[in-house]
Amino acid sequence: MTISNAPAQFSPKQAVSSNRLLGLWRLMRGFRLIYVGAVLSLGIAALAKTATYLLLRYFVDDVLGRGFGVPFLLLVALGFVGLALGEGLFSFLSGRWAARTAEGTALRLRNYLFDHIQRLSFAYHDQTRTGELLQRSTSDVEAVRRFYADQAIGLGRIIILFAVNFVAIWNLNRNLAILSVIVVPVLVVVSYFFFGRVSRRYEEYQEQDARVSTRLQENLTGVRVVKAFARQAYEIDKFEKENWDKFQKGRRLILMHSLYWPSSDILAGLQMLAGFVIGGIMAINGTITAGTYLAYAGMVIWIIWPMRNLGRIIVQMSTGLVSYDRVMAIVREEEEPLSEGSYRPRGNVRGEIVFNDVGFSYGEGEQVLKHISFRVEPGQSVALLGSTGSGKTSLVNLLPRFYEYDSGSITLDGVELKEYPRDYLRSQIGIVEQEPFLFSRTIRENISYGVDREVSDEEIYAAARAAAIHEVIMSFPEGYDTLVGERGVTLSGGQKQRVAIARTLLRNPRILILDDATSSVDTETEGLIRRALQRLMEGRTTFVIAHRIQSVMNADLILVLDKGEIVQMGRHEDLMAQEGIYRDIYHLQARIEDELQQELEATVTV
Ligand code: M5T
Ligand code: MG
């Protein structure tokens, strides 16, 4: 659609306002002109309608029975036809332009949200439920779209119809005009009463709706867990409760709407009745002409109709306003500044990393890392070892600035990490996450993900070979074009990890982080990967998190973490020479391996 009409630099951030109507107006930027055009067309259509009644009055009072010739009568008839056509044409234009504004604005808003949500910080995503984000980017945007397409334009229509017809009746007869608006104050009070209630109920309803979406989304993502734990009944029960709650809230919302309708209908009905009866009496008495009465009877409908709909529109508008707030709550969130930073080197970093008394906690929680100090020379490898929950992942997550440390300092090549723009850091650091995520795309696309330049097949194969996954991929009928995930192959945990390793290697980062990257891989494959990586790790600073001593013993520096603190640090030989966790783990793992070996031999000899 005509998104090109919109100023390119427009961002919905500029439409953040505590005045929701003002905000919605700003959100329309680039479409405001055609929207005003839509409202003007409505006005013209309304004038044409009212003119029809006035022409009718003229026809009845001044033409009928005066012996005008056929040509003149034809002319009057043509007038009726012209007015009808004009009304139709401008109504059409109005609807079209309003729709264009609404669709264009919604399109832009959805695109913006998609973009924006991905730029929010890790901390934001940790706290926000996916279902909530989904709902706000779809259903709430839809409500905002309806605000432009139906409600705002509807309000314009109401005001214009009312004003035009009221003025026309006023000019015919003041008493009639006053008579036809006698219930307006009552209607206003009634509408106001419902407006507040519907707003609140709609908000509750949307919140509940978000809860239902979240539950649905979580269950679909975690369907395996649900089945494995045979918790279907429990989950269904939970879902039904939330869904029932949504139904209840929806019912209460509809109840408000449906209470409003009859009450406004009764008022409007009384109004109409009074108008027809009193107007009729006036016509019989001769206070007004027959033509005036006819015109009045036609026009008064277009006074009462708007009054009756005013409340409905205002009440519905409250939903658009609430949704505006819900969408803007996301828009208002600060994006994680990617390119902000005072130090952006031309080339690559060398990779010297120094931690000095670093402390870190997630949000308000307790300290996850305490007094972390160590030093890595460029090209060295660091291994992190420690029980689960000891803070290994948290430590490496600080390097690409996924999270900001609270105290102490981390320097890269002698410059504080916070001075580097995040996008630069992330281009220098490759991370294989503990639980890698692959997109539902081809394996080729997954491996080349995040590389901006064209990559040759050879490069992709080389990365896959280093990750010991090339052979596996080639064994699929479609090779590198095999789709991963729902509509394609389901990769095993270890295969996924290796695709993720290949993906990171292809980016050729100066600093490599492998967070438990070989945890789902058997010892033999791990050996293969380790040997291949050995070559690739040369010249890069590497962080390896692993649980097997074998995978860490060759590191230049081994850090043993416990409850967020470094309890031991040094090379394998140093650590073996001291008492402590490291030696304990070493002996434990060696014993287990021995026992396994013996058992294996025993079963073979039997
Ligand atoms: C250390 C907490 C976690 C634990 C501590 C990733 C993450 C962790 N934590 C959060 O509160 N939010 C988060 O996003 O931090 O956790 P870790 O750094 O993940 O530990 P680990 O990597 O050593 O453990 P493991 O199991 O991967 O070996 O208290 O709750
Ligand atoms: Mg971890």
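Residues numbered from 1 in each chain as written. Chains lettered and ligands numbered in written order. Predicted model: local features only at pLDDT ≥ 70, side-chain atom pairs only at ≥ 80, totals over all residues. Heavy atoms only, no water.

Novice: Just checking my understanding: could you explain the overall build of the chain for this structure?
Specialist: Of regular secondary structure, the chain possesses 20 helices and 10 strands. Reported as C-alpha extents along the three principal axes, the dimensions of the chain are approximately 120 × 50 × 50 Å. Expressed as a percentage of the 606 residues in the chain, the buried residues total 45%. Considering only contacts within the chain whose residues lie at least 6 apart along the sequence, 77% involve residues at least 24 apart. As displayed, the chain has an accessible area near 31000 Å², and 57% of this comes from carbon and sulfur atoms. Separation between the mean location of the 66 positive side-chain charges and that of the 68 negative ones in the chain comes to 11 Å. (Helix = DSSP H or I, 4+ residues; strand = E, 2+ residues; numbered from the N terminus. Buried < 20%, exposed > 50% of the residue type's maximum accessible area, 1.4 Å probe, protein only. Contact = heavy atoms within 4.5 Å. Areas by Shrake-Rupley, 256 points an atom, 1.4 Å probe, with all protein chains shown as cover. Lys, Arg positive; Asp, Glu negative; His and termini not counted. Charge placed at Lys NZ, Arg CZ, Asp CG, Glu CD.)

Novice: Help me understand the sheet that holds strand β4 (residues 407-412) in this model?
Specialist: In sheet architecture, strand pairing relies on hydrogen bonds along the backbone and comes in two forms, parallel and antiparallel. If you walk across this open sheet you meet the four strands as β2-β1-β4-β5, and the pairing is antiparallel. Bordering the open sheet on either side are β2 (367-376) and β5 (415-416), each of which pairs with just one other strand. Bridge count for strand β1 (residues 353-361) against β2 is six bridges, and the pairing is antiparallel. Considered in β2, the bridge of Phe 360 is made with Leu 369. (Pairing = 2+ DSSP bridges.)

Novice: Just to check I follow, could you spell out the pattern of salt bridges for this structure?
Specialist: Close approach of charged atoms allows side chains of opposite charge to pair. With the rule as written, the count across this model stands at 30 salt bridges. Between Arg 119 and Asp 115 there is a salt bridge whose closest N-O contact spans 2.8 Å. Highlighted residues: Arg 119 and Asp 115, both in helix α3 (residues 70-119), separated by four residues, approximately one helical turn. Looking at Arg 119, the relative accessible area reads 33%, which means it is partly exposed. Three or more residues are tied together by salt bridges with common partners; here these are Arg 129, Glu 132, Arg 136, Asp 140 and Arg 326. (Salt bridge = Lys/Arg side-chain N within 4 Å of Asp/Glu carboxyl O.)

Novice: Can you help me understand unusual backbone geometry in this one?
Specialist: Residues apart from glycine generally show negative phi values, whereas peptide bonds are mostly found in trans. The phi angle at Asp 413 is positive, at roughly 50°, despite the residue not being glycine. Tracing the backbone shows Asp 413 in the loop between β4 and β5. Positioned with a positive phi, Asn 508 is a non-glycine residue whose angle comes to about 55°. Topologically, Asn 508 is positioned in the loop between α16 (493-506) and β7 (511-515). Owing to a relative accessible area of 45%, Asn 508 belongs among the partly exposed residues under this scheme.

Novice: What am I meant to see in the coordination of the magnesium ion (ligand 2) here?
Specialist: Put simply, a metal with four donors set out as a tetrahedron has ideal angles of 109.5 degrees, and one with six donors set out as an octahedron has ideal angles of 90 or 180 degrees. Protein-derived coordination of the magnesium ion (ligand 2) comes from Thr 393 (OG1) and Gln 434 (OE1), at a distance range of 1.9 to 2.3 Å. Taken together, the positions of Thr 393 in helix α11 (residues 392-397) and Gln 434 in the loop between β6 (429-432) and α13 (443-447) put the pair 41 residues apart, joining distant regions of the chain. A relative accessible area of 27% means that Thr 393 is categorised as partly exposed. Given the relative accessible area of 33%, Gln 434 is considered partly exposed. (Donors = N, O, S within 2.8 Å, 3.2 Å for Na, K, Ca; no water.)

Novice: Just checking my understanding: could you explain the nonpolar core for this structure?
Specialist: Burial of nonpolar side chains together is a common tendency in soluble globular proteins. Ranked by internal contacts, the top residues of the largest apolar core, which has 68 residues, are Leu 24, Leu 27 and Tyr 148. Secondary-structure elements contributing two or more residues to this core are α1 (20-27), α2 (32-63), α3, α5 (130-172), α6 (174-179), α7 (184-221), α9 (232-285) and α10 (290-332). Ranked by residue count, the leading element in this core is α10, at 18 residues. Leu 27 has contacts with Phe 10, Pro 12, Ala 15, Thr 105, Arg 108, Leu 109, Val 144, Tyr 148, Tyr 324 and Met 328, leaving out every residue within four places of it along the chain. If you look at the next biggest cluster of nonpolar residues, it comprises 44 residues, including Ile 460, Phe 476, Ile 501 and Leu 506. (Core = buried A, V, L, I, M, F, W, Y, C linked by side-chain atoms within 4.5 Å.)

Novice: How should the packing of aromatic side chains be read in this particular structure?
Specialist: Given two aromatic rings, their pairing is described by the distance between the two centres and the angle made by the two planes. Applying the stated criterion to the full structure yields 21 aromatic pairs. Counting every residue linked through ring pairs, the aromatic cluster contains Phe 122, Phe 360, Tyr 362, Phe 402 and Tyr 403. Sitting over the ring of Trp 302, Lys 49 keeps its end group 4.0 Å from the ring centre. The positively charged end of Arg 231 is found above the aromatic ring belonging to Tyr 234, 4.1 Å away from the centroid. (Phe/Tyr/Trp six-rings, centres within 6.5 Å; stacked < 30°, edge-to-face > 60°. Lys NZ or Arg CZ within 6 Å of the ring centre and 35° of its normal.)

Novice: Would you mind showing me how to read the sheet that holds strand β3 (residues 381-386) here?
Specialist: Overall, mixed pairing links the six strands, which are arranged β6-β7-β8-β3-β9-β10 in an open sheet. Edge positions in the sheet fall to β6 and β10 (565-570), since each of these pairs with one other strand and no more. Direction aside, neighbouring strands of the sheet carry axes that sit 15° apart on average. Bridge count for strand β9 (residues 557-562) against β10 is five bridges, and the pairing is antiparallel. Each bridged residue has a counterpart across the sheet, and for Asp 562 the counterpart in β10 is Glu 565. Where α16 meets the sheet, its contacts fall on β6 and β7, and the angle it forms with β6 comes to roughly 175°. (Axes fitted to C-alpha atoms, helices over the stretch in contact; angles between N-to-C directions.)

Keep in mind these numbers describe shape, not what the thing actually does.
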